[in-house]
Amino acid sequence: MAIPRLSNLLLLSTLFVISISWQASAYSAPEKFVQCLLNHSLPSHPIGPAIYTPNNASYSSVLESYIRNLRFNTSSTRKPFLIVTALHESHVQLSVICAQVHNLQMKIRSGGHDYEGVSYVAEVPFFILDMFNLRSINVDIKSETAWVQAGATLGEVYYRIAEKSKIHGFPAGVCPTVGVGGHFSGGGYGNMMRKYGLSVDNVLDAQIVDVHGRLLDRKAMGEDLFWAITGGGGASFGVVIAYKINLVRVPEIVTVFRVPRTLEQNATEIVYRWQYVADKLDDDLFIRLTMDIVNGSGGENNKTLRASFIGMFLGDSERLLSVMNKSFPELGLKQSDCMEMSWVESTLFWTSFPNGTAPEALLSRIPQVLTHLKRKSDYVKKPIPKAGLKWIFQKMIELEAPMLTFNPYGGRMGEISASATPFPHRAGNLWKVQYATNWDTEGSEASEYYIDLTRKLHMYMTPFVSKNPREAFFNYKDLDIGINHNANGKASYLEGRVYGIKYFKDNFDRLVHVKTKVDPKNFFRNEQSIPTLPY
């Protein structure tokens, strides 16, 4: 997937003409932006078919088709004045240059799964650069690599790998409709992270359109920028077009299981034990722990906590049971709990597709569930005392709606340096916490109610999670921990540092230096982007 050098040079000469001919213009309205796009697109790749304005009959469907959080699909939510559904790299380059000429805010969307809608919502007039048409996936089994464009989904990546090989996979997320662009660039993880690390730990090269409209690969962009977009979020530094990934080996047979236990079934003791073993198990084994509130034996008036242990083992059930009987017998895993299948079939299991669903389901871009949601995150470095667990469980029963998910560390996650990528949460962490609340009721009053419940559970967890800073996962975007209201200057840096230290710890300042070097005027910005250094 070599960079098209000739078309790149032709476009750059066109972009130079744009900057000369438009900078003196007295106009900066959206309609002039459209004219800029139309007048300067390459004849071989006209941009007109990629432009959607509110006057276009398909505008609403294009906008809404990648809104994954219904909180941001209301009549009062500010809409973009334009959507550019790039059909070619040159459309991205034009959008970047023309937007700067006309001083317009650009939001970059690859899959729309960002929890706070940052890729498609803004408080100021803006347009969306939507990457969903740039979704090619070129798998090369001989070199065990693949070039994947940012608009592809994880499900499409998994399917295309499985088309070529039964013994290759890729360590990324469990939701197949997540877009590659945001997932990879923010440090995406999945159920093979204990064996192979994060998605960004397996990225070899990338293509990015920078603030000057240049299409650059790893060699051309340099190691600092490449480092920044492998865990620091691509949207702060440019528009990532594609990533070259390293495929990983998987056995022809893997084993999965889902074992639920309520408080009445000794869940407290089992969760307590999970804390001490989950990060130390065989690297081939990943056991996610989810906790939610369900009706107990007494019906609706008797709520109880359910702890579900969801496992992925890179091997057959016989070896899995041997590992479990030795390391985690408290769960009581039985042969009847285990399901053997191919790796690609396991990706369907983890997304809760019915058993027997054909792998082609991974190609669907329609989410299985579409709802209103709020997410938050934490990291845990020491096991929670049993008394603490009981207190947390009681608080969850009181709140009822929020769920907790614990994703264990250990293995490869403890071997990679905290500075190897911008993603800093490595050795020293036992597990990552996700707080998840979903609701179907429309309206701001319902949203405020359920968001408040999520915040309360997050507050209750304070004694048991990381401190100074209280760390958070960048891909679990959470505007509660800070918003940048300033485009430039000292205020922007100080506001950015509030959330930046929580997401990136000691890597934040290096990200700021890279940002200042490659985008000094802070064109690529959003509510939680990397700021530039003060003037």
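Here, the structure is the one placed above.
Residues numbered from 1 in each chain as written. Predicted model: local features only at pLDDT ≥ 70, side-chain atom pairs only at ≥ 80, totals over all residues. Heavy atoms only, no water.

## Here's the deal with the overall build of the protein chain
Point 1. Looking only at helices and strands, the protein chain has 16 helices and 18 strands in total.
Point 2. Over its C-alpha trace the protein chain gives a radius of gyration of 23 Å, about what one expects of a compact globule, namely 24 Å for 535 residues.
Point 3. When its C-alpha atoms are laid out on the principal axes, the protein chain stretches across 75 × 55 × 45 Å.
Point 4. Counting the 535 residues in the protein chain, one finds 60% classified as buried.
Point 5. Contacts in the protein chain between residues at least 24 apart in sequence constitute 74% of all its contacts with a sequence separation of at least 6.
Point 6. Approximately 21300 Å² of the protein chain is accessible, and the part contributed by carbon and sulfur atoms is 52%.
Point 7. The averaged location of the 50 negative side-chain charges in the protein chain is 4 Å from the averaged location of its 56 positive side-chain charges. (Helix = DSSP H or I, 4+ residues; strand = E, 2+ residues; numbered from the N terminus. Rg over C-alpha atoms; globule rule 2.2 N^0.38 Å. Buried < 20%, exposed > 50% of the residue type's maximum accessible area, 1.4 Å probe, protein only. Contact = heavy atoms within 4.5 Å. Areas by Shrake-Rupley, 256 points an atom, 1.4 Å probe, with all protein chains shown as cover. Lys, Arg positive; Asp, Glu negative; His and termini not counted. Charge placed at Lys NZ, Arg CZ, Asp CG, Glu CD.)

## A word on the packing of aromatic side chains
Point 1. Across all of its chains, the model carries 30 aromatic pairs by this definition.
Point 2. Each ring, one from Phe406 and one from Trp431, has its centre 5.0 Å from the other, and the planes form 25°; the classification is stacked. Of this pair, Phe406 sits in strand β17 (residues 403-408) while Trp431 sits in strand β18 (residues 431-439), and the two are 25 residues apart along the sequence.
Point 3. The exposure class of Trp431 is buried, given its relative accessible area of 1%.
Point 4. One aromatic cluster in this structure is built from Tyr115, Tyr189, Phe423, Phe473 and Tyr476.
Point 5. The ring of Tyr476 has Lys432 lying over it, and the distance from NZ or CZ to the ring centre is 5.7 Å. (Phe/Tyr/Trp six-rings, centres within 6.5 Å; stacked < 30°, edge-to-face > 60°. Lys NZ or Arg CZ within 6 Å of the ring centre and 35° of its normal.)

## Quick notes on empty space enclosed by the protein
Point 1. Applying the stated criterion to the full structure yields 2 cavities of 30 Å³ or more.
Point 2. A volume near 80 Å³ is recorded for the largest cavity.
Point 3. Together, 13 residues line the largest cavity, and Tyr158, Ala172, Gly173, Asn191 and Thr347 are the ones closest to its centre.
Point 4. With 4 residues, the top contributor of residues to the lining of the largest cavity is helix α12 (residues 343-350). (1 Å grid on protein atoms, 1.4 Å probe; cavity = no way out; pocket = protein on both sides within 12 Å on 5 of 7 lines; lining within 4 Å. Points joined across faces, edges and corners; volume = space filled by probe spheres on them.)

## Some points on the pattern of salt bridges
Point 1. Counted by the stated rule, this structure contains 34 salt bridges.
Point 2. Notably, a salt bridge pairs Arg71 with Glu116, separated by 3.5 Å at the nearest N-O pair. Placement of the pair is Arg71 in the loop between α3 (59-64) and β2 (82-85) and Glu116 in the loop between β3 (105-109) and β4 (126-130), with a sequence separation of 45 residues. You'll find Arg71 and Glu116 in the same group, each marked buried.
Point 3. Across the pair Arg319 and Asp282 runs a salt bridge whose closest N-O atoms are separated by 3.7 Å. (Salt bridge = Lys/Arg side-chain N within 4 Å of Asp/Glu carboxyl O.)

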